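# Structure assessment
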Amino acid sequence: MIEVRGLAKYFGRFSALRDLHISVPQGQFIALFGRNGAGKTTFLRILAGLSRPSAGAVLVHSAKPGSQGAREVIGYLSHNTALYLDLTALENLRFYARLLDLPALGADLEDRIARVGLAGRAREPVRNYSRGMQQRLAIARAFLHDPGVLLLDEPFTGLDREGTEFLQNYLSESRARNKTCLMAIHDAPLGYALSDRLVVIERGVVALDLPRQSVTLDEFQGRYRALTEER
Amino acid sequence: MLGKIWAVFQKDLLIELRTKDSLNAMLFFGIVVLVVFNFALESTRDTIRQAVPGVLWVAFVFSGTLGLNRMFASEKENSCLQGLLMVPMDRGIIYLGKTLAAAVFMLIAEGVIFVFSLVFFNLTVWAEIPYLILVFFIGTLGFTAVGTLLSAIAVNTRMREVLLPLILFPVVLPILVNAVEATGIILNTADYRALKLPLTIMTTFTIVFATLAYLLFDFVLED
């Protein structure tokens, strides 16, 4: 369960978020839409505990973002992969596994690397990977501890068809396991297909919040377009 | 907790062994400082032993600052720091692992710079080496305990390379003054009982600052 009340974030005089309210029940998948600079990334970073809110109250599973309790349940994936380019894929995952108190066994980690479609490349420096391959490995890294809350900021960036399919399958599986997900995405059909609820953030506030069943994709796209054009 | 500190240290060591980004720059800079002083002090060959403690610590501190500048800059690449911050663990572990790595890199650089200084300044110091190692060790721990925290603060600024020395040197002054004094006692007087005061000050400063930095580290990393 995620509870956000009156959230605001200022960078100097610029307000990235202002009086944002949202409540996300356990097991719900939300697609966050909005133009560049609308505040989606700032919102996800605050939920992840990477940025401090200027005002308002935020709780993730009853814990303050950034607290150890909140970090235990959150898996955060952004367009920055958080991978060490001079380490191999296996070394990257082993490092995070050790910090997460997970068994850092080579075979298990190699299996995880293979599951994201990088079989046979586990011992190669990440620097040699393409952007899409790095994003696949970033998925394996971010979800290493099997988090219950997934915060995804443009997770499909750089992924090819196979990578996109893998992530879609992972998200479907996570949904079946009652995980909660907030995903910032620009691809409306993909976001629509993957979510239970469609939220548009515009100029730092929730401008549209609809259950997916209540609208067709075309209706949603029409309302989203109208909303962004009128402002 | 120790296992996690070790993991952070090992990761930094492994990256450094592959890239040699920090150590090469630290060694080069430290040796250049010695070369400059070697020429500058040419006319005072008879009393050069008195100048060596200051020269050594200037070389150590300048090369150490280069290493500290790299410490968190490498974590900013690809937002690796963000990945570390998301790990559900005490964030002080990152500080301790990074401080350990910074201290080890700096001690390696100091070892090489010291050997070069023996050649440049024509020194014989066999008997003094255990005492010098002790002073270098405590001085370096103190310097990196402060430097790692300030490097984490400076890395989020646009002028990090300039900012770090500006905020670091005034804070580590008690460590530097006493390290130079202790090194001078070892090289020039051999009255090792006189080491007690500077070593006590350096140790106290290191413990106090490392504790404060460990507690504050969580706050300096967030936006």
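Nothing here was measured: the structure is a model prediction, and the numbers come from that model.

## Considering the overall build of chain A
- When its secondary structure is counted, chain A shows eight helices and nine strands.
- Relative to its length of 231 residues, chain A is compact, with a C-alpha radius of gyration of 18 Å against a globular reference of 17 Å.
- In terms of principal-axis extent, the alpha carbons of chain A reach across some 50 × 35 × 35 Å.

## A look at the nonpolar core
- One finds Ile30, Leu32, Leu47, Leu137, Leu151, Leu182 and Met183 of chain A to be the most contacted residues of the largest nonpolar core, which totals 136 residues.
- When residues in this core are grouped by element, the largest group, 13 residues, is from helix α5 (residues 92–120) of chain B.
- Setting aside anything within four residues of it in sequence, one finds Leu137 of chain A in contact with Leu83, Ala89, Asn92, Val116, Leu118, Val126 and Tyr129 of chain A.

## Brief notes about the environment of Ser51 of chain A
- Along the chain, Ser51 of chain A falls in the loop between α1 (40–48) and β4 (55–60).
- Taking the C-alpha atoms as reference, Ser51 of chain A lies 9.0 Å from Pro65 of chain A; in sequence the two are 14 residues apart.

## Some points on the interface of chain B and chain A
- Contact with chain B, which involves 21 residues of that partner, is made by 26 residues of chain A.
- Elements with a minimum of two residues in the side of chain B that touches chain A: α1 (2–19) and α4 (80–85) of chain B.
- The leading source of residues in the side of chain B that touches chain A is α1 of chain B, at eight residues.
- Residue composition of the side of chain B that touches chain A, grouped by class: nine nonpolar, six polar and six charged.

## Here's the deal with the confidence of the model for chain B
All names here are of chain B.
- Here chain B averages 91 in pLDDT, and 99% of its residues register 70 or above.
- Mean pLDDT values over the elements of chain B span from 91, in helix α3 (residues 48–76), up to 95, in α5.
- We note a pTM of 0.90 for the whole complex and an ipTM of 0.88 for its interfaces.

## Focus on the packing of α3 of chain B against helix α7 (residues 160–189) of chain B
Residue and element names in this part refer to chain B.
- One way to put it is that α3 packs onto α7 with a least axis distance of 9 Å and a crossing angle of 150°. Accordingly, the angle class assigned to the pair α3 and α7 is roughly antiparallel. The hand of the α3/α7 crossing is right-handed. Touching Arg49, Gln50, Val52, Pro53, Gly54, Leu56, Trp57, Val61, Thr65, Leu68 and Asn69 of α3 are Arg160, Glu161, Leu164, Pro165, Leu168, Leu176, Ala179, Val180, Thr183, Gly184, Leu187 and Asn188, all from α7.
- Residue composition of the contact of α3 with α7, grouped by class: 13 nonpolar, seven polar and three charged.

## Focus: the sheet that holds strand β8 (residues 197–202) of chain A
Residue and element names in this part refer to chain A.
- Read from one edge to the other, the open sheet built from six strands follows the order β5-β6-β7-β3-β8-β9, with strand pairing classed as mixed. At either margin of the open sheet sits one strand with a lone partner, and together these are β5 (74–77) and β9 (205–211). Neighbour to neighbour, the strand axes of the sheet diverge by 15° on average, direction disregarded.
- Where strand β3 (residues 29–33) meets strand β7 (residues 180–184), four bridges bridge the pair, whose relative direction is parallel. Bridge pairing in β7 links Phe29 to Cys181.

## Here's the deal with the sheet that holds strand β1 (residues 2–11) of chain A
Residue and element names in this part refer to chain A.
- Reading across the sheet, the three strands line up as β2-β1-β4 and stay open at both edges, with antiparallel pairing between neighbours. Pairing within the sheet leaves two strands with one partner each, and these edge strands are β2 (14–24) and β4. Taken pair by pair, the neighbouring strands of this sheet meet at an average axis angle of 25°, ignoring direction.
- For β1 and β4, the ladder comprises five bridges, and the chain directions are antiparallel. By the bridge assignment for β4, Arg5 is matched with Ala57.

## Focus: the environment of Pro174 of chain B
- When you line up the elements, Pro174 of chain B lands in helix α7.
- Contact partners of Pro174 of chain B, with chain neighbours within four places excluded, come to Ile201 and Phe205 of chain B.

## Brief notes about the environment of Phe116 of chain B
Residue and element names in this part refer to chain B.
- Take Phe116: it is sitting in helix α5.
- As for Phe116 and Leu34, which are separated by 82 residues in sequence, their C-alpha atoms are 7.9 Å apart.
- Contacts of Phe116, omitting those with residues within four sequence positions, involve Ile31 and Leu34.

## Brief notes about the packing of α3 of chain B against α5 of chain B
Residue and element names in this part refer to chain B.
- Taken N-terminus to C-terminus, the directions of α3 and α5 make an angle of 145°; their axes are 9 Å apart at the nearest point. Two packed elements cross with a definite hand, and for α3 against α5 that hand is right-handed. Residues Val52, Leu56, Ala59, Phe60, Ser63, Gly64, Gly67, Leu68 and Met71 of α3 touch α5, and the partners they reach there are Lys98, Ala102, Phe105, Met106, Ala109, Glu110, Ile113, Phe114 and Ser117.
- Looking at the contact of α3 with α5 residue by residue, the class counts come to 12 nonpolar, four polar and two charged.

## With respect to unusual backbone geometry
Residue and element names in this part refer to chain A.
- One non-glycine residue, Asn178, lies in positive phi territory at about 65°.
- If you trace the backbone, Asn178 turns up in the loop between α6 (161–176) and β7.
- Despite not being glycine, Arg203 shows a phi value in the positive range, around 50°.
- With respect to the helices, strands and loops of the structure, Arg203 is situated in the loop between β8 and β9.

How each quantity is defined
Residues numbered from 1 in each chain as written. Chains lettered and ligands numbered in written order. Predicted model: local features only at pLDDT ≥ 70, side-chain atom pairs only at ≥ 80, totals over all residues. Helix = DSSP H or I, 4+ residues; strand = E, 2+ residues; numbered from the N terminus. Rg over C-alpha atoms; globule rule 2.2 N^0.38 Å. Core = buried A, V, L, I, M, F, W, Y, C linked by C-beta atoms within 7 Å. Buried ≥ 20, exposed ≤ 12 C-beta atoms within 10 Å, placed from the backbone. Contact = placed C-beta atoms within 7 Å. Nonpolar A, V, L, I, M, F, W, Y, C, P; charged D, E, K, R; others polar. pLDDT = per-residue confidence, 0-100. Axes fitted to C-alpha atoms, helices over the stretch in contact; angles between N-to-C directions. Parallel < 35°, antiparallel > 145°, perpendicular 65-115°, else oblique. Left-handed = near helix turned anticlockwise from the far one by under 90°. Pairing = 2+ DSSP bridges.

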